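Now for the letters of each chain:
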Amino acid sequence: MEYLYDKGLLAAGQYFVVGVILDQYDSQLPETYLKGVFDNNSIPKLQEAFKSYVGVVIAPPAYPQYNNFTAKVNKYLTLPPFNIRNSLDSIGKMKTIRAEAAYLYDAVYAYAKALDEALRLGEDPLSGSVIINHIKQTTYTSAMGYMVHIDTNGDAEGNYTLIAHKRIENNTDGYGLVPVGIFQLNETLTSALPSLKLLPNESIPWIGDGPPIAEPKCGFRGENCIVIVEECKPSIEIDADLSLLLTKGRITSPIITAVLCSS
């Protein structure tokens, strides 16, 4: 982003960058992406550069639901058979529970729910086909705090959030990369691809009048504005009206083919 900014490519809103952040996004610290690695202060150049950036991140935990899950995990870790002492308990803190623990909990929950349904219906609980059929096309509340959809293949919908450079309320740094939209499957689970839904009262703060066009009018290398002029014999004269239009620049079509010779 700094390189693009230094080259002046982000000033007029002609370009923007779509990034994918693989680390777990922390919605409580959205300003960290605009700070240096060893500097806790906001960097002005990054503030300007990231005005032309939108990022796709794994959906952050939903609070306070995820706090409840964290508290339960910390409690059960201290009980048999784990008996793991919480060294932070003396200062009133809990161990941080990684998102992977929530994903594992979700997987066990989905299996247990399917197994319970199979047993109640008198079906074979050892049949993988039976279990997976009870998992397909279902929804459940994840330990992360948001709803998860299971498609017709038994795959969980990826929960992703769109973040953009916006002002942070009640924050001295002013700006950060904050959620502006989410990707969701439709309610009937018939579509294989999720769609982007902007959050209430949110928008993408484009520079200028809107998002950049997908391709310049003449193409990236001028390939859409080629002027073809055939070589003429000395005896062929250019029509006066056509010559006037060409010299005055009044032909505005993106692709101009000027055939100046007769066969």
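Residues numbered from 1 in each chain as written. Predicted model: local features only at pLDDT ≥ 70, side-chain atom pairs only at ≥ 80, totals over all residues. Heavy atoms only, no water.

(A) Seen up close, the environment of V18. Checked against the element boundaries, V18 lands in strand β1 (residues 17-21). Sequence separation of V18 and I163 is 145 residues, and the distance between their C-alpha atoms is 9.9 Å. (Helix = DSSP H or I, 4+ residues; strand = E, 2+ residues; numbered from the N terminus.)

(B) Highlighting the state of the cysteines. For the coordinates displayed, the defined rule picks out 1 disulfide. The disulfide partner of C218 is C225, and the S-S distance across this bridge is 1.9 Å. Between C218 and C225 the disulfide shows an S-S torsion of about -80 degrees. By sign, it is left-handed. (Disulfide = S-S within 2.5 Å.)

(C) View of the nonpolar core. Counting residues in each nonpolar core, the largest one holds 17 residues, and the members touching the most others are Y66, F69, A102 and M144. Those elements giving two or more residues to this core turn out to be α3 (65-77), α4 (99-120) and α5 (128-135). At 4 residues, the largest contribution of residues to this core is made by α4. If sequence neighbours within four positions are ignored, Y66 has contacts with P61, I97, R98, A99, A102, A143 and M144. (Core = buried A, V, L, I, M, F, W, Y, C linked by side-chain atoms within 4.5 Å. Buried < 20%, exposed > 50% of the residue type's maximum accessible area, 1.4 Å probe, protein only. Contact = heavy atoms within 4.5 Å.)

(D) Seen up close, the packing of aromatic side chains. Per the counting criterion, the structure on display carries 7 aromatic pairs. With a centroid separation of 6.4 Å and 85 degrees between ring planes, the pair formed by Y63 and Y66 is classed as edge-to-face. On the basis of relative accessible area, Y66 is assigned to the buried category, the value being 6%. (Phe/Tyr/Trp six-rings, centres within 6.5 Å; stacked < 30°, edge-to-face > 60°.)

(E) Representation of α4 within the structure. When the terminal C-alpha atoms of α4 are compared, their 32 Å separation across 22 residues agrees well with the 32 Å that a helix rising 1.5 Å per residue should span. Of the positions making up α4, those classed as buried are A99, A102, D106, A110, A114, E117 and A118. Taken down its axis, α4 places every buried residue within 150 degrees of arc, on the same side. When the buried face of α4 is taken as reference, the exposed residues oriented beyond 90 degrees from it are L104, V108, L119 and R120. Of the surrounding secondary structure, the elements contacted by the buried residues of α4 are α3, α5 and β3 (139-141). Positive phi appears at G122, one or two residues downstream of α4, with a value of about 75 degrees. (Expected span 1.5 Å × (residues − 1). Arc of directions from axis to C-beta.)

(F) Quick peek at the sheet that holds strand β7 (residues 195-198). Within the open sheet, the 5 strands sit side by side as β1-β2-β5-β6-β7. Their pairing is mixed. Each having just a single partner strand, β1 and β7 make up the two edges of the open sheet. Averaged over all pairs of adjacent strands, the angle between strand axes in this sheet comes to 35 degrees, irrespective of strand direction. As defined by bridge partners, strand β6 (residues 175-184) adjoins β7 across 4 bridges and the pair is classed as antiparallel. Pairing of I182 across the sheet is with K197, part of β7. (Pairing = 2+ DSSP bridges. Axes fitted to C-alpha atoms, helices over the stretch in contact; angles between N-to-C directions.)

(G) Representation of the pattern of salt bridges. All told, the structure shown has 6 salt bridges when counted by the stated rule. As a salt-bridge pair, E100 and R98 come within 3.3 Å of each other at their nearest N and O atoms. Since its relative accessible area comes to 44%, E100 is described here as partly exposed. Residue R98 is classed as exposed on the basis of its relative accessible area of 59%. A salt bridge links K166 to E202; the shortest N-O distance between them is 2.8 Å. Here the residue K166 occupies a position in strand β5 (residues 160-167), and E202 occupies one in the loop between β7 and β8 (227-229), the gap between them amounting to 36 residues. (Salt bridge = Lys/Arg side-chain N within 4 Å of Asp/Glu carboxyl O.)

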